[in-house]
Amino acid sequence: MKITFLGSSHGIPEANRKCSSALVEIGENRYLIDCGTDVTEQFATKNIPIDSVRAIFITHMHGDHTNGLIPYLSLCAWAYTNADPEIYLPGDVEKTARAIRDWNACNLSSEPRGFRYRGVAVGPLYDDGILKVTAFETKHINHSYAYLLEAEGKRVLFSGDLSHRGPSDDFPVSVLEKPLALAICESAHFDATEYLPLFKGCDNLGSVCINHYSERHMISMIELKQALTKIPVTFATDGMEIRI
Ligand SMILES: [Zn+2]
């Protein structure tokens, strides 16, 4: 499994960091976790076929996780018509699907095509025989989720955005009951050191990547890295790749 951070920033873009989106590749099969930036431009730059995306998993509907979805689907409506990902949308799927359809109707001269929208509920969410995804509800907003990805015998967690009160109140700790190769964790809403009580001494946790972080939490991120002496900690940047 290869994970490429297309956007690693928090609620707003920074000079060299776009809003949240991660590309997950398992062989030639591709998936997106969040779509906060225009992924089509990045796919073109990287020479990745747009129609190789099998599914898109949105953690919650805030704009820094979704603002790239309409540009992507707008191009899929007429240019990349072979692209047909399943699109997992928290909250009111019908309302969001209608908004996307209305936007496409405004900028297309022909009838917009349909897409395969899906709702998100806690528990097993997706299994195409290549990737399994399980959803955990978080307390960031109504209808916000963390996603556990399982593929090639490895488990990876995307925390999504968590409660402003910190991870002790919200991190899906049950994922640590079995070996977790990588925890990709936000640090936009609290100091990264708040993960320490959960992660320090946890033998099941292989590595941590702090993603979707605000620069004001950088000191706490360094403190986390220094304190987790047995668990490698990295900080996501745009374009960074992790192979699991
Ligand atoms: Zn966010």
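Look above for the structure.
Let me sum up the structure you'll find in this document.

**A look at the pairing of strand β9 (residues 144–151)**
- Within β9, seven of the eight residues are buried, which leaves the element mostly enclosed by the surrounding structure.
- In terms of strand pairing, strand β8 (residues 132–138) meets β9 through seven bridges, oriented antiparallel. Counterpart to Val 133 in the pairing with β9 is Leu 149.
- Here β8 folds back onto β9 in antiparallel fashion, the turn holding five residues, of which His 143 has a positive phi close to 65°.
- Examined bridge by bridge, β9 and strand β10 (residues 154–158) share five bridges and lie antiparallel to one another. Counted as the bridge partner of Leu 149 is Val 156 from β10.

**Things to note about the nonpolar core**
- Counting residues in each nonpolar core, the largest one holds 29 residues, and the members touching the most others are Ile 3 and Phe 57.
- Counting residues per element, this core draws most heavily on β9, which supplies four residues.
- Setting aside chain neighbours within four positions, we find Phe 57 in contact with Tyr 31, Leu 32, Ile 33, Asp 34, Tyr 88, Leu 125, Tyr 126, Leu 131, Val 133 and Tyr 147.
- Of all hydrophobic cores here, the second largest spans 26 residues; its members include Phe 190, Leu 198, Phe 199 and Leu 224.

**Remarks on the coordination of the zinc ion**
- Here the zinc ion is held by the protein donor atoms Asp 64 (OD), His 65 (NE2), Asp 161 (OD) and His 212 (NE2), which lie 2.1 to 2.4 Å from it.
- Coordination at the zinc ion comes from four donor atoms whose angles at the metal span 88 to 169°, giving a geometry best classed as irregular.
- When the donor residues of the zinc ion are listed from N- to C-terminus, their spacing reads D-H-x95-D-x50-H. Here Asp 161 lies in the loop between β10 and β11 (182–187) and His 65 lies in helix α2 (residues 63–66), a separation of 96 residues in the sequence.

**Observations concerning the pattern of salt bridges**
- Counted by the stated rule, this structure contains 13 salt bridges.
- The closest approach of N and O atoms between Arg 30 and Glu 28, which form a salt bridge, is 4.0 Å.
- In this structure Arg 30 comes out as buried when scored by relative accessible area, which is 7%.
- The closest approach of N and O atoms between Glu 86 and Arg 116, which form a salt bridge, is 3.9 Å. Of this pair, Glu 86 sits in strand β5 (residues 86–89) while Arg 116 sits in strand β6 (residues 116–119); the two residues are 30 residues apart in sequence, bridging distant segments of the chain.

**A word on the sheet that holds strand β3 (residues 29–33)**
- What the seven strands build is an open sheet, ordered β6-β5-β4-β3-β2-β1-β14; its pairing is mixed. What marks the edges here is a single partner per strand, and that holds for β6 and β14 (241–243). Taking the axes of each pair of neighbouring strands and ignoring which way they run, one obtains an average angle of 20° across the sheet.
- When β3 meets strand β4 (residues 53–57), the two strands line up parallel, connected through four bridges. Note on β4: the bridge partner recorded for Leu 32 is Ile 56.
- Of the strands in this sheet, β1 (2–7), β2 (21–26), β3 and β4 touch helix α1 (residues 39–46), which is tilted by about 125° from β1.

Rules used throughout
- Residues numbered from 1 in each chain as written.
- Predicted model: local features only at pLDDT ≥ 70, side-chain atom pairs only at ≥ 80, totals over all residues.
- Heavy atoms only, no water.
- Buried < 20%, exposed > 50% of the residue type's maximum accessible area, 1.4 Å probe, protein only.
- Helix = DSSP H or I, 4+ residues; strand = E, 2+ residues; numbered from the N terminus.
- Pairing = 2+ DSSP bridges.
- Core = buried A, V, L, I, M, F, W, Y, C linked by side-chain atoms within 4.5 Å.
- Contact = heavy atoms within 4.5 Å.
- Donors = N, O, S within 2.8 Å, 3.2 Å for Na, K, Ca; no water.
- Tetrahedral: all angles 85-135°; square planar, octahedral: opposite > 155°, others 65-115°.
- Salt bridge = Lys/Arg side-chain N within 4 Å of Asp/Glu carboxyl O.
- Axes fitted to C-alpha atoms, helices over the stretch in contact; angles between N-to-C directions.

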